[in-house]
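# Structure assessment
One letter stands for each residue in the lines below.
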Amino acid sequence: MKIALVGIGKIARDQHVPAIASSRDWELAAAVSRHGGVEGVETFPDLATMLAERPGIQVVSLCLPPVPRFAHAAAALRAGRHVMLEKPPGATLSECHALAAMARDMGLTLYATWHSREAAQVAPAKAWLEGKTIRRVTVTWKEDVRRWHPGQDWIWRPGGLGVFDPGINALSILTEILPEPIHLTRARLTCPANRQTPIAADLEFAHPGGAEVSAAFDWRQEGNQIWTIEVATDTGALLLADGGARLALDGKEQPAPAGEGVPLGGEYPRLYAKMAALVARAGIDMDLAPMTHVADAFTLGERIVTTPFHD
Ligand code: NAP
């Protein structure tokens, strides 16, 4: 199938282009980019032109920041194209519901991807937790914003999510592996005085079985980068590390498939394989659970102003 990539920034170059190139399902037939493009691929300056001039491209994959995503997704669906969305699937829950309704009405595929759910050890972690009694869940997502988001001004603007941009990856794993749903009860958002979005967040959740569930996200982490989820159960302990790439059960590291024990390993090829399967049956996959927790944190969060942040 012919596919077009829209928004050629860090994630498009690092993951989407190689994942499409390595897949037998897909041919990267066009790029839409205001500033650059993909070498050897026809590039259009805007989506409307590509949709009008290339009716044979049936699938559009959006790698934009969250705020411009809705207008692009709606335009692609209106033009009869199947749409794949980078995470988060939009800037607000309402616009995601609106897109899902459009896709349903038109019989088109819409896929809200959560790349971290495709990390190598997420499915084994979910299987191990099945049927166990959860006592405590501790999420620690601490990374250096200067290292991972240099010059990305949009993450600091309304709708850019701040530290929830990586934090939502942790929530996407959590909502996948926990056997029962949780809901947010408390949030503390730490925002630099000169920015609109948080640089750190501490969250607490209610669990139906009374387990203690908490998450700490922080973008001020220098040195060792931490992306872990620890779960204590009645019959043992689980540690997911490196964003779901590594798994230890009762302290014993579990083997990962070849080449996959590293952050992001294998995630994007699996997303594109799922998109191909969804398009084949005109399916919709729009799980908004991770985004609901983020929206709740912004609704309920106590705000603390901290020292200004400069890149
Ligand atoms: P980025 O490097 O800033 O790239 C985003 C690209 O989108 C820009 O280069 C630009 O491409 C286009 N764009 C930006 N603002 C736009 C606007 N207002 N209207 C139209 N196009 C616009 O950001 P990124 O890191 O790739 O992140 C993009 C999305 O992927 C985010 O939602 C992020 O959460 C997600 N993601 C990122 C990572 C990561 O490691 N960086 C990992 C997983 C998921 P053109 O110049 O080509 O127009």
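Shown above is the structure to which this text applies.
On a predicted model such as this, the values are computed, not experimentally measured, just so you know.

## Some words on the packing of helix 1 (residues 10-21) against helix 8 (residues 267-280)
Two elements in contact, helix 1 and helix 8, have axes whose closest approach is 8 Å; the angle formed by their N-to-C orientations is 55°. When the interaxial angle is binned, helix 1 and helix 8 end up oblique. Considering the relative orientation of helix 1 and helix 8, their crossing is right-handed. Within the contact between the two elements, helix 1 uses I11, Q15, H16, A19 and I20 and helix 8 uses Y268, P269 and Y272.

## Looking at the nonpolar core
Of all hydrophobic cores here, the largest spans 78 residues; its most connected members are M50, F164, L203, F217 and I229. Broken down by element, the residue count for this core peaks at seven residues, all from helix 7 (residues 164-177). Apart from residues lying up to four places away in sequence, F217 is in contact with V139, W141, V163, F164, G167, A170, L171, A200, A201 and L203. Ranked by size, the runner-up nonpolar core spans 22 residues in total, among them I8, W26, V59 and C63.

## Topic: the layout of surface pockets
Of the volumes computed, that of the largest pocket is approximately 1200 Å³. Forming the walls of the largest pocket are 45 residues, and the residues nearest its centre are K10, I11, H149, Q152 and W154. Elements represented by at least two residues in the lining of the largest pocket include exactly helix 1, helix 3 (69-78), helix 7 and helix 8. A per-element tally of the lining of the largest pocket places helix 1 first, with five residues. Class assignment of the residues belonging to the lining of the largest pocket gives a composition of 20 nonpolar, 13 polar and twelve charged.

## As for the site of the ligand
In the vicinity of the ligand there are 23 residues, among which I11, S33, H35, Q152 and D165 approach most closely. Residue I8 places a main-chain N or O atom 2.9 Å away from an oxygen atom belonging to the ligand. Separating an oxygen atom of the ligand from a backbone N or O atom of I11 is a distance of 2.9 Å. Contact with the protein chains hides 82% of the accessible area of the ligand, taken as 880 Å² for the molecule alone. The site holding the ligand turns out to be the largest pocket.

## A closer look at the sheet that holds strand 9 (residues 200-206)
Here we have nine strands laid out as an open sheet, ordered 14-13-12-11-7-10-9-8-16, and mixed in their pairing. Because the sheet does not close on itself, it has two edges, and the strands there are strand 14 (252-253) and strand 16 (302-306). The pairing of strand 9 with strand 10 (residues 212-218) spans six bridges and is antiparallel. Paired with A200 across the strands is D218, a residue of strand 10. Sitting on the sheet, helix 5 (residues 122-129) touches strand 7 (134-142), strand 11 (226-233), strand 12 (236-241) and strand 13 (246-249), and the angle it makes with strand 12 is about 165°.

## Here we look at the pairing of strand 8 (residues 183-192)
Across seven bridges, the pairing between strand 8 and strand 9 is antiparallel. Residue pairing in the sheet places L184 in a bridge with F205 of strand 9. When strand 8 meets strand 16, the two strands line up parallel, connected through five bridges. The partner of P192 across the bridge, within strand 16, is T306.

## What about helix 3?
Regarding helix 3, the residues found buried are R69, A73, A74, A76 and L77. Within helix 3, the buried residues cover an arc of 165° as seen down the axis, which keeps them to one side. Residues of helix 3 that are buried in the fold lie against helix 2 (47-53), strand 4 (59-62), strand 5 (82-85) and helix 4 (93-106). Immediately downstream of helix 3, the backbone of G80 shows phi near 80°, a positive value.

## Let's talk about the side chain of E95
Position of E95 relative to the elements: it lies in helix 4. Despite its burial, E95 pairs with no opposite charge; the closest candidate is R69, at 7.6 Å N-O.

So, how was this worked out
Residues numbered from 1 in each chain as written. Predicted model: local features only at pLDDT ≥ 70, side-chain atom pairs only at ≥ 80, totals over all residues. Heavy atoms only, no water. Axes fitted to C-alpha atoms, helices over the stretch in contact; angles between N-to-C directions. Helix = DSSP H or I, 4+ residues; strand = E, 2+ residues; numbered from the N terminus. Parallel < 35°, antiparallel > 145°, perpendicular 65-115°, else oblique. Left-handed = near helix turned anticlockwise from the far one by under 90°. Contact = heavy atoms within 4.5 Å. Core = buried A, V, L, I, M, F, W, Y, C linked by side-chain atoms within 4.5 Å. Buried < 20%, exposed > 50% of the residue type's maximum accessible area, 1.4 Å probe, protein only. 1 Å grid on protein atoms, 1.4 Å probe; cavity = no way out; pocket = protein on both sides within 12 Å on 5 of 7 lines; lining within 4 Å. Points joined across faces, edges and corners; volume = space filled by probe spheres on them. Nonpolar A, V, L, I, M, F, W, Y, C, P; charged D, E, K, R; others polar. Near = heavy atom within 4 Å. Polar contact = N/O pair within 3.5 Å; in protein donor to acceptor, adjacent residues only side chain to side chain. Areas by Shrake-Rupley, 256 points an atom, 1.4 Å probe, with all protein chains shown as cover. Sits in = over half its atoms within 2 Å of the grid points. Pairing = 2+ DSSP bridges. Arc of directions from axis to C-beta. Lys, Arg positive; Asp, Glu negative; His and termini not counted. Salt bridge = Lys/Arg side-chain N within 4 Å of Asp/Glu carboxyl O.

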